[in-house]
Amino acid sequence: MDGVSEVKSRLSIEDVISEYVQLKRAGKNYKGLSPFTNERTPSFIVSPDKQIWHDFSSQRGGDMFTFIQEVEGLDFMGSLELLARKAGVDLDQYKSQGKGSRGPNKERLYELLDAAATFYQTQLSTSDYARDYVLKKRKFTAKTAADFRLGYSPDNERVLTDFLLKKQFTEVELKAAGVTVERRGRSVDMFRGRIMVPLADPFGRVVGFTARLLKNDPNAPKYINTAATVLYDKSRHIYGLHLAKKTIQKEKVAVLVEGNLDVIASHQAGVAHVVATAGTALTEFQLKSLGRLTPDVRLAFDQDKAGVAAAERAIPIAGKTGVNLSIITIPSGKDPDELIQQDPQLWKQSIDDKKPALDWVLEVYQQRLDLTSAVGKREFTDVSLNIVRLLPDAVEQDHYIQRIAELTAVHPDSMRAKLNTVGEPALRKKVIKASVSAPQPKQIEDKRAQEHFLGLMLMMPTTRQYMELTNEQMFNDDEAKLLLLYLKTNPEFQGDLARADKLQPIADYVKILSLQFEELYGEIDMTELQYEAARLRAKIIDQFVKKQNKIIQRKLQQADEAEAADLLARVNKLNQLLKRTRVS
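Residues numbered from 1 in each chain as written. Predicted model: local features only at pLDDT ≥ 70, side-chain atom pairs only at ≥ 80, totals over all residues. Heavy atoms only, no water.

Attention now moves to the packing of aromatic side chains. A complete count under the given rule lists 15 aromatic pairs for this structure. Judged by centre distance (5.6 Å) and plane angle (70°), the ring pair of Tyr20 and Phe67 falls under edge-to-face. One end of the pair, Tyr20, is in the loop between α2 (13–18) and β1 (24–26); the other, Phe67, is in helix α3 (residues 64–72), and 47 residues separate them in sequence. Both rings, one in Tyr120 and one in Phe209, keep their centres 5.3 Å apart while their planes meet at 90°; by these two values the pair is edge-to-face. Taken together, the residues Tyr120 in helix α5 (residues 106–126) and Phe209 in strand β10 (residues 206–213) connect sequence positions 89 residues apart. For the residue pair Tyr120 and Phe209, the accessibility class agrees, reading buried in each case. What links up through ring pairs into an aromatic cluster is the set Tyr20, Phe36, Phe44, Trp53 and Phe67. Between Arg85 and the ring centre of Phe203, over which it is positioned, the NZ or CZ distance is 4.2 Å. A cation over a ring is seen here: Arg205 above Tyr110, with NZ or CZ 4.0 Å from the ring centre. (Phe/Tyr/Trp six-rings, centres within 6.5 Å; stacked < 30°, edge-to-face > 60°. Helix = DSSP H or I, 4+ residues; strand = E, 2+ residues; numbered from the N terminus. Buried < 20%, exposed > 50% of the residue type's maximum accessible area, 1.4 Å probe, protein only. Lys NZ or Arg CZ within 6 Å of the ring centre and 35° of its normal.)

Spelled out as structure tokens, the structure:
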């Protein structure tokens, strides 16, 4: 048995989900209000028999791990670790021993860093100078300092090292956790004479520290961070997420700032959907993590060169991950902490007065460049079109092409010509990824029709004649394509997954379809089911034909005579297909 199976054997899906959703028994299943939409009639179903859940309002579903990923904003490993702790399963026993030692045990490092954070908190309480900085200069309350576990590292080479060694941690573990460095042949404290800000993972476990210099020293950096360790990776870390994620889900907005102390000040002011990254270099992992909680992410970065560059880099990543990225402009060039000190209400207003990220970038370059000159127009279009080229949505692309054309007084066709000189294959690839990661209402509707159709085909073999005229290209998800092909090549399949080796990789998907069928069609007679199968097939083919026609229309704009004839022939075939489904 592996770790995943062990966790599933110890936990029931209804117990896991009931911690987040109020469930009521409905026959052999449970029902509740969707945690993902603001529905009033329960459409969220949990099946203890299948160990599967499905939300009819958002068309999401899966097992207990998928649910935790969705509601906690975690990746699979994060959800596995959370549920393993709940189930009392030690995942280390399932890890490959490999050759030699695996290095320090992760749980030991978590314990070490927690002890270090507690030590620093104690030192803060005994240092008047450090406490005055936190409580008087930064104006944090004692409760805020405690909530964020703020501390102080004395300006002493070995004070933490000696403390942790007495706690039976080894020097190897101290180095692996990033709290010591080697100087002159011996281990010494990494952080000295600094205000300590613990960095926590999404579960609230300390994984490292940011340390702010307390006394002015022109030869020392103001901030230093824990170096990369087995627990801390700055490209994956989001500061304050463990305290902000519930509010982010409630407000449906995530605000990203540059500094950890800005996060703390914002939370103290009652604006708790604020987090930070280590610098301005946003990564795909960080945006995906936030995107699991909300698609609305707003950056409050400086309008300097680094801030603008960060926004430019983040826009295509946001498109790839399905995040709607916007920029918060802080008045008078202040940072969030300064604005909060002036008036917390101004900070709240700034968050609301956000601007789409690309619009913000265009405005910045509009102010910096002379758009009346040929050189200025070239530089402006170079920058802006490089970003537009990577937008996943064709309509959004066209909007910005026209906007850039207006700003530069150049014909939109010239913009399109410049846009299409490079990058189209890469763009097409990103469109596919983005459409999967960020389902919009229309995509949910398409997914619903496809899954309901496949559920009928799966559970009612007598309706399978309606698979005629359909093919895998008409279905969006890889699981749907695989199941359709399997049913076409195995028309006598009766739903026994144990005898269908090729369906094992999508076993949960098949279970979700069967759950949908039971809820929707379990008590409907055969005549109605035949009609429903015909209706759903017609809808799927109609969806497919519309999409194909849009693609062909775009290609026709640049096609020569021969290519145009082929494209028009394809249109005719598609329309004939549509006609056959409507009369059958």
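We are not done yet, so read on.
What follows concerns the sheet that holds β10. An order of β6-β9-β10-β11 is seen for the four strands of this open sheet, with the pairing classed as antiparallel. Each end of this open sheet is capped by a strand with a single partner; those strands are β6 (151–153) and β11 (223–225). The sheet shows a mean angle of 35° between the axes of neighbouring strands, taken without regard to direction. Across three bridges, β10 lies against β11 in antiparallel orientation. Residue Ala211 lies in a different strand from β11, and its bridge partner there is Ile224. (Pairing = 2+ DSSP bridges. Axes fitted to C-alpha atoms, helices over the stretch in contact; angles between N-to-C directions.)

No statement about biological role is implied by the geometric values presented.
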